[in-house]
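# Structural description and commentary
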Amino acid sequence: MTRFAADVVTLARKDLRLELRARDTLPAMLLFVVATLVVFHFAIPNSSSRLAANGLLWVAILFTALLGLGRAFVPEREHGVLDGLVLAPCDRSAIWLGKGLAALAFLALAEAVALPAFALFFWGVGGATLAGVALADVGICLVGSFVAAMSVASRARELLLPLLFLPLAVPIVIGGVGASVASGPGRYLAFLGLYDVVFAILCWASFEYVVTE
Amino acid sequence: MITARALTKRYGTKRVLRGLDFELEPGGFLVVTGPNGSGKTTLLRLCAGLAAPTSGTLDVSVDRGRLGFVGHEPLVYRELTALENLDLYGRLYRVPERRERIGMLLERFRLWDARSERVATLSRGMLQRLALCRAFLHEPDLYVLDEPFSGLDDAGAELLDRELAERRANGTFLVATHDPARLERLATARIAFA
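First, a word on what this report is: a plain description of the structure on this page.

### Re the packing of helix α2 (residues 26-43) of chain A against helix α6 (residues 93-121) of chain A
Residues and elements named next belong to chain A. Two elements in contact, α2 and α6, have axes separated by 9 Å at closest approach and are oriented at 20 degrees. With respect to each other, α2 and α6 are oriented roughly parallel. Crossing handedness for the pair α2 and α6: right-handed. For the pair α2 and α6, the contacting residues are Leu-26, Met-29, Leu-30, Val-33, Val-34, Leu-37 and His-41 in the first and Phe-106, Leu-109, Ala-110, Val-113, Ala-114, Ala-117, Phe-118 and Phe-121 in the second. Tallied by class, residues from the contact of α2 with α6 come to 14 nonpolar, one polar and no charged.

Dropping the structure here:
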């Protein structure tokens with residue numbers, strides 16, 4: 001394993017361990033996504049289209065992810081630990097990728113509950129939707145972790161994260177909804193894959209400047 | 001090891017450091033004193049690379065991985081145990097024989113019995129000793145210590161006295177303190193902020 005990969009695994013494992021101890025992110029994400037789908041179930045008429053229902057699924061996923069991302073850097077912010085990580089002799093983008101992988105694990109677990117719940121309340125989830133969700137999750141967590149690190153230094157961090165993240169997530173929603181409802185989902189999945197690659201490179205290259213003065 | 005010329009740092013309109021010049025040779029022990037808010041912490045954060053100067057030059061000729069930093073916060077995760085925190089930093093710093101070294105430091109700083117307790121349950125003095133373990137874990141070449149005696153009881157302070165005296169021969173030190181008399185016999189240079 002390369003040094004970079006080893007550092008990413010070390011940092012991601014630390015975040016998973018912190019969540020196992022504190023349990024203050026994943027339970028909130030699970031409750032939120034289920035509650036949101038229940039509200040949508042009662043809020044929209046039974047005759048609503050599959051298109052509308054799929055749109056609601058993506059809204060639920062996006063805001064659930066936002067809930068988790070809002071807490072991503074809380075342990076580092078509250079105790080100044082980010083200074084300790086920044087001083088360590090590892091590539092600083094390993095901090096971002098480790099955080100992104102941990103966020104991805106939390107979001108995947110939330111979706112493991114949300115997708116069956118969606119199938120129960122609305123429509124079954126097809127293979128194209130699952131592929132779209134998987135690709136979208138990667139983009140959401142990588143970009144979201146980057147933006148969360150940017151906003152953590154700000155006094156208005158709770159406002160800044162959604163304000164920065166949601167515009168960047170619009171292409172993910174377009175690609176995800178397209179993959180869920182289009183007859184040919186391939187180009188939407190390719191679009192999501194391209195988004196992931198482009199933004200992963202941008203975040204990796206610029207994270208150093210986010211965590212240093 | 002550290003050379004500063006006309007070093008200035010501003011936070012907004014507030015000038016914290018104003019045209020500071022100093023040199024710290026390898027093996028030197030520079031003690032920084034001054035009242036609260038005089039710029040001691042800012043100087044140490046600049047030297048550690050945690051902040052950037054507003055103007056002037058600062059050359060710190062040591063790799064990031066060879067620097068040991070103790071700040072106002074212990075820089076450890078409260079929900080992890082002392083052992084888990086040191087293991088995390090040991091991995092990131094590629095400390096050879098990590099487990100043995102962590103065990104030795106925990107013993108030396110009298111934290112071995114508390115090694116499996118969550119950091120959130122430790123006292124202020126124990127947290128400071130853990131912060132010192134974290135900073136000393138990778139045997140740094142440059143020690144940047146901001147109030148290292150803060151929160152330590154008499155036994156802890158004596159422990160740190162002995163530790164600094166032992167490490168003095170193999171390291172360079174930049175230490176901010178309100179108790180310069182304690183470091184008098186180790187110091188080779190002093191900066192006193194007004």
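Still more to cover.
### Quick word on the sheet that holds strand β5 (residues 67-70) of chain B
All names here are of chain B. The parallel open sheet is built from five strands, whose spatial order is β5-β6-β7-β3-β8. Single-partner strands in this sheet number two, and they are β5 and β8 (189-192). On average, adjacent strands in this sheet sit at an angle of 10 degrees to one another, irrespective of strand direction. Relative to β8, strand β3 (residues 29-33) runs parallel, the two sharing four bridges. Its bridge partner being in β8, Val-31 is matched across the sheet by Arg-190.

### Here we look at the nonpolar core
Across soluble globular proteins, nonpolar side chains show a tendency to be buried alongside one another. Counting residues in hydrophobic clusters, the biggest one holds 120 residues, and the most contacted among them are A:Phe146, B:Leu130, B:Val144 and B:Leu174. If sequence neighbours within four positions are ignored, B:Val144 has contacts with B:Leu44, B:Cys47, B:Ala48, B:Leu67, B:Phe69 and B:Leu174.

### What to know about the interface of chain B and chain A
Of the residues lining the interface, 22 residues belong to chain B; the matching set on chain A comes to 19 residues. With four residues, the single largest contributor to the side of chain B that touches chain A is helix α2 (residues 82-92) of chain B. Split into classes, the residues belonging to the side of chain B that touches chain A amount to 14 nonpolar, two polar and six charged.

Parameters at a glance
- Residues numbered from 1 in each chain as written.
- Chains lettered and ligands numbered in written order.
- Predicted model: local features only at pLDDT ≥ 70, side-chain atom pairs only at ≥ 80, totals over all residues.
- Axes fitted to C-alpha atoms, helices over the stretch in contact; angles between N-to-C directions.
- Helix = DSSP H or I, 4+ residues; strand = E, 2+ residues; numbered from the N terminus.
- Parallel < 35°, antiparallel > 145°, perpendicular 65-115°, else oblique.
- Left-handed = near helix turned anticlockwise from the far one by under 90°.
- Contact = placed C-beta atoms within 7 Å.
- Nonpolar A, V, L, I, M, F, W, Y, C, P; charged D, E, K, R; others polar.
- Pairing = 2+ DSSP bridges.
- Core = buried A, V, L, I, M, F, W, Y, C linked by C-beta atoms within 7 Å.
- Buried ≥ 20, exposed ≤ 12 C-beta atoms within 10 Å, placed from the backbone.

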